[in-house]
Amino acid sequence: MIYTKLVLDNDNRNIIGPRLKVARLRSNLTQQQLSAKLETIAVYIDRASISKIEQQKRIVTDYELLALCQILKVSPGWLLGLEK
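Participant: Please set out the overall build of the protein chain residue by residue, giving values where relevant.
Facilitator: In terms of regular secondary structure, the protein chain is built from 5 helices and 0 strands. Listed N to C, the secondary structure of the protein chain is α-α-α-α-α in terms of helices and strands. The proportion of buried residues among the 84 residues of the protein chain is 36%. Taking the intrachain contacts of the protein chain between residues at least 6 apart in sequence as the baseline, contacts between residues at least 24 apart amount to 59%. Taken as a whole, the protein chain presents about 5900 Å² of accessible surface, with 54% of it coming from carbon and sulfur.

Shown next, in the form of structure tokens:
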């Protein structure tokens, strides 16, 4: 069995953090409000975890990425920095 280690050239654990914060603020949502909206679609990310995502200190799963896009009405490409 081969094991691989996540190797990063910096301490960032995701690339969506800064854009997540922009999208959340554009939607006039607090981190707690975003957490509550995610919960309505059965995605459980607490306020502290949203803060860590925005600070790029927490990895984001693909499932969470799509849920964040749905709630914030942005595309995955935009959140990933692939679109302007």
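From this point, the narrative continues.
Participant: For the nonpolar core, give the residues involved together with the corresponding values.
Facilitator: Counting 19 residues, the largest nonpolar core has I16, L20, L34, L38, L68 and L79 as its most contacted members. Those elements that place two or more of their residues in this core are α1 (17-26), α2 (31-39), α3 (47-54), α4 (62-72) and α5 (76-79). Here this core gets 6 residues from one element, more than from any other, and that element is α4. Leave out the neighbours within four places in its chain, and L34 touches L20, R24, L29, I50, L68, I71 and L72.

Participant: Could you give an account of the side chain of N14, with specific residues and numbers?
Facilitator: With respect to the helices, strands and loops of the structure, N14 is situated in the segment before α1. A polar contact of 2.8 Å, which involves the side chain of N14, links it to the backbone nitrogen of G17. N14 has contacts with I53, Q56, K57, R58 and V60, leaving out every residue within four places of it along the chain.

Quick notes on the rules
- Residues numbered from 1 in each chain as written.
- Predicted model: local features only at pLDDT ≥ 70, side-chain atom pairs only at ≥ 80, totals over all residues.
- Heavy atoms only, no water.
- Helix = DSSP H or I, 4+ residues; strand = E, 2+ residues; numbered from the N terminus.
- Buried < 20%, exposed > 50% of the residue type's maximum accessible area, 1.4 Å probe, protein only.
- Contact = heavy atoms within 4.5 Å.
- Areas by Shrake-Rupley, 256 points an atom, 1.4 Å probe, with all protein chains shown as cover.
- Core = buried A, V, L, I, M, F, W, Y, C linked by side-chain atoms within 4.5 Å.
- Polar contact = N/O pair within 3.5 Å; in protein donor to acceptor, adjacent residues only side chain to side chain.

Nothing here speaks to function; it is geometry throughout.
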